[in-house]
Amino acid sequence: MLVVMKNKQLFLDHLNKNKTLIDDFNESGSQLYIWRSEPYLWLSIDGEQVQSIVDTSDPSRPILPVPQAMLIWTIWQNKLMPSKILNIGMGTGTIERYLAGGNYELTSIESSKRVISITQEHFNLPSKAHIIHTCGIEYSSHRAEQTRTNNKSPYSNTLAKYDVILVDIFENEQTPRDILSHEFYHNCHEILDKGGILVLNLYLTQDQELLAILAHTQHLFEFKCLIDFQDYHNVVLMLSHSPIPEEAQLTQLINSRPEQTSGLTHIKEIISHMHLVS
């Protein structure tokens, strides 16, 4: 995920002061580097863009605000009920590390064998992580077709649907064109449970792209919420079959359950940037 943190330059100066190159490789035309500056380990694109980062002294804690925003649903979710999660775009495993101790059945999709390998080797990926090496968009399409086929047959067992789908994939440092299509959202709608939520990290270059997504999802998801971020272009879009709590409700939940959000250090700032879309 492409991010710029608040006080980005101070943070980058700290990281770059004593950084050591651990590994580098080419992926889809971009040069990726793994750097270390204790206690941090991070992946950068073309030497500059911080794609993801882990604090090796506390690997389960997400450092950057975008993945924290993508995990905001954990605040109001029922922790007593097991949840089936699909993460399209595992990257270096930020979501996997955070959810590892919870009551989740997580399936992670990653299209790059090399990224899977370096995440297992360097980024404290939980040993129980269930990873599928494939294209996430193709996986959602195939799974939706399986669901439709099962629903038509009186002899097939019902294919379990997901409670949460997370989408965090990029192509040439932008959101792939397929994510802008109606077909993608229709497939995600097919494989989500009735009370499910779809969360996307988007890096869009034109307002029309976001308007197109909202148009595609108008009749698929009743509830929508945008989270924007000061100083950078990512937006997180949440699409749900169930109501999304407003800022006051979330603040009350955070204050009443501080142990549930202790790892989400940007959470109060994040919820102040939430915008429910009618």
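Residues numbered from 1 in each chain as written. Predicted model: local features only at pLDDT ≥ 70, side-chain atom pairs only at ≥ 80, totals over all residues. Heavy atoms only, no water.

To continue, consider the overall build of the protein chain. Helix and strand content of the protein chain: 9 helices and 12 strands. Relative to the 2.2 N^0.38 estimate, which gives 19 Å for 278 residues, the radius of gyration of the protein chain is 18 Å and therefore close to what a compact globule would have. Taken over the C-alpha atoms alone, the protein chain extends approximately 60 × 40 × 40 Å along its principal axes. Counting over 278 residues, the protein chain shows a buried share of 49%. (Helix = DSSP H or I, 4+ residues; strand = E, 2+ residues; numbered from the N terminus. Rg over C-alpha atoms; globule rule 2.2 N^0.38 Å. Buried < 20%, exposed > 50% of the residue type's maximum accessible area, 1.4 Å probe, protein only.)

Attention now goes to the pattern of salt bridges. Inspection of every chain in the model, using the stated rule, returns 7 salt bridges. In this structure, Asp-55 engages Arg-61 in a salt bridge whose closest nitrogen and oxygen atoms are separated by 3.0 Å. Through salt bridges with shared partners, a single ionic network connects Asp-55, Asp-58 and Arg-61. (Salt bridge = Lys/Arg side-chain N within 4 Å of Asp/Glu carboxyl O.)

What follows concerns the environment of Ile-213. Assignment of secondary structure puts Ile-213 in helix H7 (residues 207–216). A relative accessible area of 0% means that Ile-213 is categorised as buried. Once you skip the residues sitting within four places of it in the chain, Ile-213 turns out to touch Ile-179, Leu-180, Tyr-185, Leu-202, Leu-204 and Leu-237. (Contact = heavy atoms within 4.5 Å.)

Here we take up the packing of aromatic side chains. Evaluation of the coordinates by the stated rule reveals 3 aromatic pairs. Summarising the aromatic geometry, the rings of Trp-73 and Tyr-104 are spaced 5.9 Å apart at their centres and angled 85 degrees between planes, so their arrangement reads as edge-to-face. Here the residue Trp-73 occupies a position in the loop between helix H2 (65–70) and strand S5 (83–88), and Tyr-104 occupies one in strand S6 (residues 104–110), the gap between them amounting to 31 residues. By relative accessible area, which is 17% here, Tyr-104 ends up buried. (Phe/Tyr/Trp six-rings, centres within 6.5 Å; stacked < 30°, edge-to-face > 60°.)

With that out of the way, let us pick up H7. Looking only at H7, the buried set comprises Glu-209, Leu-210, Ile-213 and Leu-214. Projection of H7 onto a plane perpendicular to its axis shows the buried side chains occupying an angular sector of 135 degrees, all on one side. Projecting away from the buried face of H7 at angles above 90 degrees are the exposed residues Asp-207, Gln-208 and Leu-211. The secondary structure elements touched by the buried residues of H7 are helix H6 (182–191), strand S9 (192–202), strand S10 (223–228), strand S11 (235–240) and strand S12 (274–277). (Arc of directions from axis to C-beta.)

Here the protein chain averages 88 in pLDDT, and 92% of its residues register 70 or above. Within the model, pLDDT remains below 50 along residues 1–5, and this stretch shows 26 contacts once partners closer than five positions in the same chain are excluded. (pLDDT = per-residue confidence, 0-100.)

Attention shifts here to the sheet that holds strand S4 (residues 49–55). Taking strand neighbours across the sheet as the criterion, the 4 strands line up as S1-S2-S3-S4 in an open arrangement whose pairing is antiparallel. In this open sheet, the two strands that pair with only one neighbour each are strand S1 (20–27) and S4. Across the sheet, the mean angle from the axis of one strand to that of its neighbour is 15 degrees, orientation sign disregarded. One ladder, built from 6 bridges, connects strand S2 (residues 30–37) with strand S3 (residues 40–45); its direction is antiparallel. Counterpart to Leu-32 in the pairing with S3 is Ile-45. In the packing of helix H4 (residues 113–122) onto the sheet, contacts are made with S1, S2 and S3, and the angle to S1 comes to roughly 160 degrees. (Pairing = 2+ DSSP bridges. Axes fitted to C-alpha atoms, helices over the stretch in contact; angles between N-to-C directions.)

We now examine the side chain of Glu-110. Structurally, Glu-110 can be placed in strand S6. There is no salt bridge for the buried Glu-110, and the closest opposite charge comes from Arg-97, which lies 11 Å off by N-O distance. Within the structure, the side chain of Glu-110 is placed 2.9 Å from the backbone nitrogen of Gly-91, a separation counted as a polar contact. Look past the residues within four positions of Glu-110 in its chain and what remains in contact with it is Gly-89, Met-90, Gly-91, Val-115, Ile-116, Ile-132, His-133 and Thr-134. (Lys, Arg positive; Asp, Glu negative; His and termini not counted. Polar contact = N/O pair within 3.5 Å; in protein donor to acceptor, adjacent residues only side chain to side chain.)

A separate point is the pairing of S3. Two faces make up the sheet, and in a regular strand the side chains alternate between them. In terms of residue burial, S3 counts as a mostly covered element, since 6 of its 6 residues are buried. The side-chain alternation of S3 yields two buried faces, one formed by Tyr-40, Trp-42 and Ser-44 and the other by Leu-41, Leu-43 and Ile-45. Between S2 and S3, which pair antiparallel one after the other, the connecting turn spans 2 residues. Where S3 and S4 come together, 6 bridges link them in antiparallel fashion. The residue bridging Ser-44 from the neighbouring strand is Val-50, located in S4.

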